[in-house]
Amino acid sequence: MSQKKAIRRYVEEKSQLEYDRGYTEAELKASKLRKDFFRKYIVEFDPYFYSTQEEKDWAYIAKREYRYDVVLRSLADSWALSAAASIIRMYQTKRLSVLPYFIVWPIAYLYFQPIKFQRHNKKLFDMCNLGDEYTLGRERNKVLEQCNEILDREDF
């Protein structure tokens, strides 16, 4: 296994363990700050408008990771759930039923998306670590200071 795959696997397993053990109140507050920052400066903002190429590149990469890890995985999980509901409905009625796709898929997406974002918010937030000389890094460091105060630890 290559070094890159090993690191990805370690990060994935670590986030899964954190999710399984549950979050403390302080961790949830810090997580909310990180998610709000990420929504404001990455998801709802076009990376093209950043002034430097480094900010544009890292914002694009972070947005792409968000799209893959949160949006597409949530869509896939909600599709699988709606397919299972459709199969169960077809078994019950003994005829083709596509109605569960239209009902279950949006509801399941609204359920899975916050869970996936909660699991990946630390990784996505850390992708914006550019340093104080960049606007994105400076704003991230402000949020990081608030998170460190809430969690009572020094993180970088």
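Residues numbered from 1 in each chain as written. Predicted model: local features only at pLDDT ≥ 70, side-chain atom pairs only at ≥ 80, totals over all residues. Heavy atoms only, no water.

## Examining the packing of helix H2 (residues 25-43) against helix H5 (residues 135-151)
Here's step 1: Between H2 and H5, the least distance of the axes is 9 Å, while the angle of their chain directions is 170 degrees. It follows that H2 is roughly antiparallel to H5 by the angle criterion. Along its contact with H2, which presents Ala26, Glu27, Lys29, Ala30, Leu33, Arg34, Phe37, Tyr41 and Ile42, the element H5 presents Leu136, Glu139, Arg140, Val143, Gln146, Cys147, Ile150 and Leu151. (Axes fitted to C-alpha atoms, helices over the stretch in contact; angles between N-to-C directions. Helix = DSSP H or I, 4+ residues; strand = E, 2+ residues; numbered from the N terminus. Parallel < 35°, antiparallel > 145°, perpendicular 65-115°, else oblique. Contact = heavy atoms within 4.5 Å.)

## Looking at the layout of surface pockets
Here's step 1: Computed from the structure, the largest pocket encloses a volume of approximately 970 Å³.
Here's step 2: If you trace the largest pocket, you find 34 residues lining it, with Val11, Lys14, Lys122, Lys123 and Asp126 closest to the centre.
Here's step 3: When residues of the lining of the largest pocket are traced back to their parent elements, those giving at least two are helix H1 (3-21), H2, helix H3 (53-93), helix H4 (99-126) and H5.
Here's step 4: Considering every element that reaches the lining of the largest pocket, the biggest residue donor is H1, with ten residues. (1 Å grid on protein atoms, 1.4 Å probe; cavity = no way out; pocket = protein on both sides within 12 Å on 5 of 7 lines; lining within 4 Å. Points joined across faces, edges and corners; volume = space filled by probe spheres on them.)

## Observations regarding the state of the cysteines
Here's step 1: Here the structure, examined in full by the defined rule, presents zero disulfides.
Here's step 2: The closest cysteine sulfur to the non-disulfide-bonded Cys128 is located on Cys147, 12 Å from its own sulfur.
Here's step 3: You can call Cys147 buried: its relative accessible area is 2%. (Disulfide = S-S within 2.5 Å. Buried < 20%, exposed > 50% of the residue type's maximum accessible area, 1.4 Å probe, protein only.)

## Focus on the packing of aromatic side chains
Here's step 1: In total, this model carries nine aromatic pairs according to the counting rule given.
Here's step 2: Seen in terms of ring centroids, Tyr66 and Phe117 are 5.3 Å apart; in terms of plane orientation they differ by 75 degrees. Their pairing is edge-to-face. You can see Tyr66 sitting in helix H3 and its partner Phe117 sitting in helix H4, a full 51 residues away along the chain.
Here's step 3: Following the ring pairs from residue to residue traces out a cluster consisting of Phe45, Tyr48, Phe49 and Tyr50.
Here's step 4: We note Lys56 situated over the ring of Tyr48; from NZ or CZ to the ring centre the distance is 5.2 Å. (Phe/Tyr/Trp six-rings, centres within 6.5 Å; stacked < 30°, edge-to-face > 60°. Lys NZ or Arg CZ within 6 Å of the ring centre and 35° of its normal.)

## Considering the pattern of salt bridges
Here's step 1: Under the defined criterion, the tally for this structure stands at 13 salt bridges.
Here's step 2: A salt bridge links Glu12 to Arg119, with the nearest nitrogen and oxygen atoms 2.8 Å apart. With a gap of 107 residues between them, Glu12 in helix H1 and Arg119 in helix H4 connect regions that are remote in the sequence.
Here's step 3: Exposure remark for Glu12: the relative accessible area of 27% places this residue in the partly exposed category.
Here's step 4: Among the ionic pairs, Lys122 bridges to Asp126, the shortest N-O distance being 3.2 Å. Of this pair, Lys122 and Asp126 both sit in helix H4, separated by four residues, roughly a single helical turn.
Here's step 5: Given the relative accessible area of 26%, Lys122 is considered partly exposed. (Salt bridge = Lys/Arg side-chain N within 4 Å of Asp/Glu carboxyl O.)

## Some thoughts on unusual backbone geometry
Here's step 1: In this model, Lys94 sits at a positive phi of 60 degrees, which is unusual for a non-glycine residue.
Here's step 2: With respect to the helices and strands, the residue Lys94 is situated in the loop between H3 and H4.
Here's step 3: We classify Lys94 as exposed; its relative accessible area is 63%.
Here's step 4: Of note in the backbone geometry, Asp152 takes a positive phi value of approximately 55 degrees without being a glycine.
Here's step 5: Its location among the elements puts Asp152 in the segment after H5.

Taken by themselves, the reported measurements are silent on function.
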